[in-house]
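# Notes for the structure review
So the chains spell out like this:
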Amino acid sequence: MVARIAQAGADLAAIEAAALIREVGVGPEALHREGQRRRALSKLVAATRHAVVSTTMRRLTSLSDPFHEYASEQLHVPSPLFLAQHGFADSEAALRERIDAGDAESALLLGRLLIGLGRHAEACRWLSQSLVDHVDDAAAHAHLALTQAFLGEPDDARRSADRAMQLAPNRPMSLVFAAVVRAYAAGATEDVFLGSTLVTEALELLERSRAGRAAVVPATSPIHAIFEELEVRVTRGRLSVVLPPDFGIHQKGVDDLERAMELTRTGPATSSALVPRGALEIFRIHAAYFVGMAHADAGRAELARGALHDVLLIDPACPFAERAYKRLSELHQSAR
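Anyway, here's the lowdown on the structure attached to this text. (Residues numbered from 1 in each chain as written. Predicted model: local features only at pLDDT ≥ 70, side-chain atom pairs only at ≥ 80, totals over all residues. Heavy atoms only, no water.)

## Considerations on helix α11 (residues 192-211)
Taking 1.5 Å of rise per residue, the 20 residues of α11 would be expected to cover 28 Å, and the 29 Å separating its terminal C-alpha atoms lies within 8% of that figure. Turning to α11, its buried residues are Val192, Gly195, Leu198, Val199, Ala202, Leu203, Leu205, Leu206 and Ser209. Buried residues in α11, looked at end-on, bunch into an arc of 165°, giving them a common side. Away from its buried face by more than 90 degrees, α11 exposes Phe193 and Ala211. (Helix = DSSP H or I, 4+ residues; strand = E, 2+ residues; numbered from the N terminus. Expected span 1.5 Å × (residues − 1). Buried < 20%, exposed > 50% of the residue type's maximum accessible area, 1.4 Å probe, protein only. Arc of directions from axis to C-beta.)

And the structure:
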């Protein structure tokens with residue numbers, strides 16, 4: 001950026017120098033004309049700079065509304081009917097029994113499950129407990145960062161996310177969750193320049209995550225590996241589609257979300273007895289909701305209807321479904 005500014009300054013100086021040389025010897029009015037031109041040029045530069053910076057500031061400050069919305073609906077809050085249908089109370093009780101029996105890894109699994117249920121404070125406690133015995137577990141630090149961000153603890157979230165990246169610098173989960181932490185902080189800050197820095201970091205982390213590789217840890221339960229790609233795809237996808245369109249990553253987000261929906265239907269997790277009942281439906285409802293809204297915003301009505309109908313089928317009594325009903329009604333009205 002500094003080099004581009006310096007080059008622009010040099011180009012402008014060259015233009016001014018050439019104009020001044022042409023004026024030499026023309027007459028006494030030349031100095032007056034040169035003064036007028038310099039004042040006009042200064043006003044033009046100032047106006048152009050103000051316009052560009054103002055546009056950028058408006059774009060960055062506009063993150064606050066979508067990101068506050070993102071913070072309030074980023075996770076499926078299941079209806080009592082959904083919880084009962086899939087036996088989540090039994091799954092939670094089984095994990096607690098395993099924790100009481102000394103299975104510390106189950107604390108991480110329970111924390112991840114509670115994130116999926118929107119119970120962030122409880123998730124934060126169990127994830128913190130899992131780190132007592134697994135202090136170098138990058139996944140635990142990454143998930144803890146997510147809960148801390150959602151609980152309004154940006155400094156703690158940043159530390160946890162950075163620790164996850166130190167432990168696993170090329171692991172997509174570490175990178176994606178760190179991007180969420182920064183994007184969430186960008187949406188909450190009123191400092192536009194800090195917001196700009198945080199958004200830039202988030203975008204860089206998202207791109208790095210696409211080239212990263214999931215960690216292979218033989219001692220880790222297979223269920224974590226089964227969930228990891230889904231978590232990465234859904235988290236990266238929904239973050240990409242709620243960012244302003246001019247960041248140019250919407251389609252990548254749509255691709256991630258559609259891949260997540262495919263994995264919940266045909267991936268290895270669908271036949272694994274280790275996956276708690278209803279867990280895949282939680283991933284799919286997130287993916288369906290955000291990809292449906294993205295298609296609707298882009299004017300792809302048929303694709304939007306298909307995805308939003310999936311939301312209604314999975315949990316018709318949840319907040320996601322209420323918003324999906326509303327959007328489907330708007331699509332129906334616009335089609336008339």
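## Structural notes on the pattern of salt bridges
Tallied over the full model, the rule gives 24 salt bridges. When the shortest N-O distance is used, the salt bridge between Arg171 and Glu228 registers 2.8 Å. With Arg171 in the loop between α9 (154-167) and α10 (172-188) and Glu228 in helix α12 (residues 222-242), the pair connects residues that are 57 residues apart, well separated along the chain. Summarising the burial analysis for this pair, Arg171 and Glu228 share the class buried. (Salt bridge = Lys/Arg side-chain N within 4 Å of Asp/Glu carboxyl O.)

## Observations regarding the environment of Ala321
On the secondary structure map, Ala321 appears in helix α16 (residues 319-335). You can call Ala321 buried: its relative accessible area is 0%. With 13 residues separating them in the primary sequence, Ala321 and Leu308 have C-alpha atoms 8.0 Å apart. The residues contacting Ala321, other than those within four sequence positions of it, are Val311, Leu312, Asp315 and Pro316. (Contact = heavy atoms within 4.5 Å.)

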